[in-house]
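Read off the chains here:
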Amino acid sequence: MSAHTPPTSESESIVDLCDAVRDSFRTSAALSPALSEHVAGCPLCSAVTQANLPTVALPAADALQPPSLAGERGARAWLREQPTRVRLAMATGLAIAIPVFWLLGAPRADLGVYPLARLSLDLGLLLAPIALMFPLVFRPLHRRAVPQWVGAVLVFSALVATVVLVTMPAAHWAHPASQLGVGDDRNARAFGCFLTGAGSAGPLLVGLWMLSRRGQPLWRLGAVAATLAGMVGGLSVFLHCPLTSPAHLVLGHATVMLPFVALALLSRSRA
Amino acid sequence: MPTSNELSDEALMAAYVAGDKAAFAKLFARNAPRVVRLFARDLGGRDEVQDLVQQTFLHLHRARKDFRPDARLRPWLFTIALNLKRQHFRRLGRRPEASLDADDAREPVAATGDPEADIHDAQLRAALDRLPEGQREVIILHWFEGLSFREISTAVNAGVSAVKVRAHRGYEKLRTLMAESRPGGAPPAAARGGNR
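This structure is a prediction, so every number in the text was calculated from the model and none was measured. (Residues numbered from 1 in each chain as written. Chains lettered and ligands numbered in written order. Predicted model: local features only at pLDDT ≥ 70, side-chain atom pairs only at ≥ 80, totals over all residues. Heavy atoms only, no water.)

To continue, consider the domain arrangement of chain A. What the domain assignment lists for chain A is domain 1 (8-70) and domain 2 (83-268). Here the C-alpha centroids of domain 1 of chain A and domain 2 of chain A sit 51 Å apart. (Domains from an automatic or database assignment.)

Printed below as a string of structure tokens:
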């Protein structure tokens, strides 16, 4: 066995023996014959015993004050103390309800003529980042955090997906409603879609904030959460608006992301 | 029937989840010193440490319904603390390892009052700061916090084998660094404690 290859047996007895050796050395207790024999054959325990580390005193507990739980009242406190699976289900439910509201209440008029393959592609570009971001937003603090670059990649992917979605050639011009918003009404219609998307994303953002356990202000909720809300806003407006002009999509649909990207950048700024 | 002082951390946590508010104070009194020590090793200011300790236990309160009855509390709590520490340093824009110039502002690793031990302590702190983060974290949890390898594997979300490899490399490197830091790179003096 090489010097850097300690025994890696997962058997309970070996692991427990290694811990027992450590405990003996931390408390200056004599090693039993069994432990001495184990140390002789275990590179890890040999390294532990040769490191010559000191025993450690704990700081006095009487000077420490537990956190005040007086502020842990009200709807937000109740929501954020729910189990993670419940909070995740609530947020997912809200994220589904908002686009479904538009789909059922005011669906895009051209759904019947929208090419199926293109519809699948467009929905995939919107739904994939949303599906990937949810588990990250709700990863509880008692599980080791995923590396920061994972969140950055997801946010970047969501932005790329948005740009691709609005810069592809028009899906179709087969419906009269799809041909609107290319003349004098361009800005007004684009602004209407921006408001629809941003207004749809807002409730989800507030919902995510209410369910977050971190207690930060809304504007520092986090880059991934802000982007997630923006993507759900984009999905909502996609399911509602029949206009297919790329210019309209850039001005009215892609811009839905802007306030949320700004929030994402604010969240990443240092306090 | 065991008294509250005899109850395990897990039994106290179960009682707290079931609504026994006094259990929270007992959990705090029992575990806060360990969390203080975990933070004090890296942070300079006492206020910073206190703030992070409070945040750790506030999260324990908020996440209490996520605690599984068959889980161990200490790795669960230490994962919260380690994540909060990482977030704290990310906000500050620096690595967890403080510079050696800040040594005197931090809590000693071992408070002995013995000048020779204090020198050893400073050397140990410097050596720990030079370890890769993964090895350093495992050694702190294993030696200084007394977590078992299985508990550490939960806290750092890695397999027991991977944790043992990190520990082995870390202890070896620590020994080398400590030897180098002694005048003339002398071999380590007889280990303290006298049993080995």
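Residue and element names in this part refer to chain B. Among the structural elements, Gly159 can be located in the loop between α7 (149-156) and α8 (160-181). Relative accessible area serves as the criterion here: at 40%, Gly159 is assigned to the partly exposed category. As for Gly159 and Phe149, which are separated by ten residues in sequence, their C-alpha atoms are 9.2 Å apart. (Helix = DSSP H or I, 4+ residues; strand = E, 2+ residues; numbered from the N terminus. Buried < 20%, exposed > 50% of the residue type's maximum accessible area, 1.4 Å probe, protein only.)

Here we take up the packing of aromatic side chains. All names here are of chain A. All told, the structure shown has seven aromatic pairs over all chains when counted by the stated rule. On the basis of an interplanar angle of 80° and a centroid distance of 5.4 Å, the ring pair of Phe101 and Trp102 is categorised as edge-to-face. Owing to a relative accessible area of 55%, Phe101 belongs among the exposed residues under this scheme. Between Tyr114 and Phe238 the ring centres are 6.0 Å apart and the planes differ by 80°, which places this aromatic pair in the edge-to-face class. With Tyr114 in the loop between α5 (84-105) and α6 (116-137) and Phe238 in helix α9 (residues 223-240), this residue pair connects regions lying 124 residues apart in the sequence. Side by side, Tyr114 and Phe238 carry an identical accessibility label, which is buried. In this structure, Arg76 packs its charged tip against the face of Trp209, placed 3.9 Å from the ring centre. Positioned above the aromatic ring of Phe238, the side-chain terminus of Arg108 is 4.9 Å from the ring centre. (Phe/Tyr/Trp six-rings, centres within 6.5 Å; stacked < 30°, edge-to-face > 60°. Lys NZ or Arg CZ within 6 Å of the ring centre and 35° of its normal.)

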